[in-house]
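# Results of the structural survey
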Amino acid sequence: MAPTRNNPPSQFSKDEKVLCFHMDMLYEAKVTDVQPAEEQGDGWRYKVHYKGWKSTWDDWVLADRIRPFDDEHRELAAQLHAQLRQSMAKSSKQAGGAASGSGAGGRRGLRGDASGRGSEERGGSSAGGPGSRATQGPAGGGRRGKDWELETEDSFYAKPMISIPVPDHIQAMLVDDWENITKNNQLVPLPHAKSVSKIFEDYVAFERPHREEHSASMDILTEVVAGFREYFEKSLSRILLYRFERHQYMDIRKLWDNNHDENSTYKNVCDVYGAEHLARLIVSLPELLAQTNMDQQSVSRLREEIGKFTVWLGRNCEHYFVSEYETPSQEYIDKARSF
């Protein structure tokens, strides 16, 4: 007699409506069967039927590919598919000759670049479509339904390797951020009232009730936030600052260097800078992650975690982004222009 497995309770039940990852995209699906996983320790496996697809596309998957059909994950699915459509539209324009659009400046030109940093010295970062091209799945043909359920075979194979979905209102704020600093000669007030450290602290507090303590999901959240902090600390002075902000950064660095109080509230850039600069990092991540040697599965999971974070930040943008920029002294403006 085979030994009995002590599997934990199944996370999803038969006939439950869910969202399921196929490669880097989330699709609406239904659980049609639940069985113990073939490998001991993997828990349960689920047979899913993708909405709008023939049963020949039904797939057996583990729980790590399934997400609850709730508002948070539906918004993430919509962001992923919207980002893919934007990437395809951009690729199509480039392939057809972009000369006709070369004169589109101002906001229109900037919004094509998710960072809103079109002409600045740091260059732009565009979040494109995701994923490996090796396997065709539900993305292999057209079907009717919501926008985020649609994808063609051509679009599937046209996906770039890494993409970070960025909510439209965060992109719009980045455009305003670019204009305030590079056009209006203003600065983000520092130290920020809602620092990057505070943002990460609040996000972990928001996510913790949705994840089992000491679970793999909780460990991933902790690692992603720690990695996010490190990326921010190392990249701020290198790629996230506009030229006009560099004197502000140098002045702050002097305060740090001269302050040896271990109890000081402001110990590093994460304690001083806020959502505006963090959003710039988010749209720069595709380029940064492309330089890593992470495997595709790790990149996909990282994309999902960062995507969930950007959805949360987008919902709370009024709380974390400043409402007004400050105008520095004429002395500062003269120094910044001559820098």
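On a predicted model such as this, the values are computed, not experimentally measured, just so you know.

## Remarks on the environment of Leu-19
With respect to the helices and strands, Leu-19 occurs in strand β1 (residues 17-22). Counting along the chain gives 46 residues from Leu-19 to Arg-65, while the straight-line C-alpha distance between them is 8.5 Å.

## Side note on the packing of helix α5 (residues 196-207) against helix α6 (residues 216-240)
Relative to each other, α5 and α6 sit at 170 degrees, their axes nearing to 11 Å. Judged by the angle between their axes, α5 and α6 are roughly antiparallel. Counting all contacts with α5, which are made through Val-196, Ser-197, Phe-200, Tyr-203, Val-204 and Glu-207, the residues of α6 involved are Met-218, Leu-221, Val-225, Phe-228, Arg-229 and Phe-232. Here the contact of α5 with α6 is built from residues that sort into nine nonpolar, one polar and two charged.

## A look at the packing of aromatic side chains
Centre-to-centre distance and the angle between the planes together describe a pair of aromatic rings. In this structure the tally under the stated criterion is 12 aromatic pairs. Geometrically, the ring pair formed by Trp-53 and Trp-57 is edge-to-face, given 5.6 Å between the ring centres and 80 degrees between the ring planes. Ring centres 5.8 Å apart and planes at 45 degrees place the aromatic pair Phe-200 and Phe-309 in the tilted group. Residue Phe-200 is found in helix α5, and its partner Phe-309 is found in helix α10 (residues 296-315); the two are separated by 109 residues along the sequence. Phe-309 matches Phe-200 in its accessibility class, with the two residues each being buried. The ring of Trp-60 is capped by Arg-45, whose NZ or CZ atom sits 4.0 Å from the centre of that ring.

About the thresholds
Residues numbered from 1 in each chain as written. Predicted model: local features only at pLDDT ≥ 70, side-chain atom pairs only at ≥ 80, totals over all residues. Heavy atoms only, no water. Helix = DSSP H or I, 4+ residues; strand = E, 2+ residues; numbered from the N terminus. Axes fitted to C-alpha atoms, helices over the stretch in contact; angles between N-to-C directions. Parallel < 35°, antiparallel > 145°, perpendicular 65-115°, else oblique. Contact = heavy atoms within 4.5 Å. Nonpolar A, V, L, I, M, F, W, Y, C, P; charged D, E, K, R; others polar. Phe/Tyr/Trp six-rings, centres within 6.5 Å; stacked < 30°, edge-to-face > 60°. Buried < 20%, exposed > 50% of the residue type's maximum accessible area, 1.4 Å probe, protein only. Lys NZ or Arg CZ within 6 Å of the ring centre and 35° of its normal.

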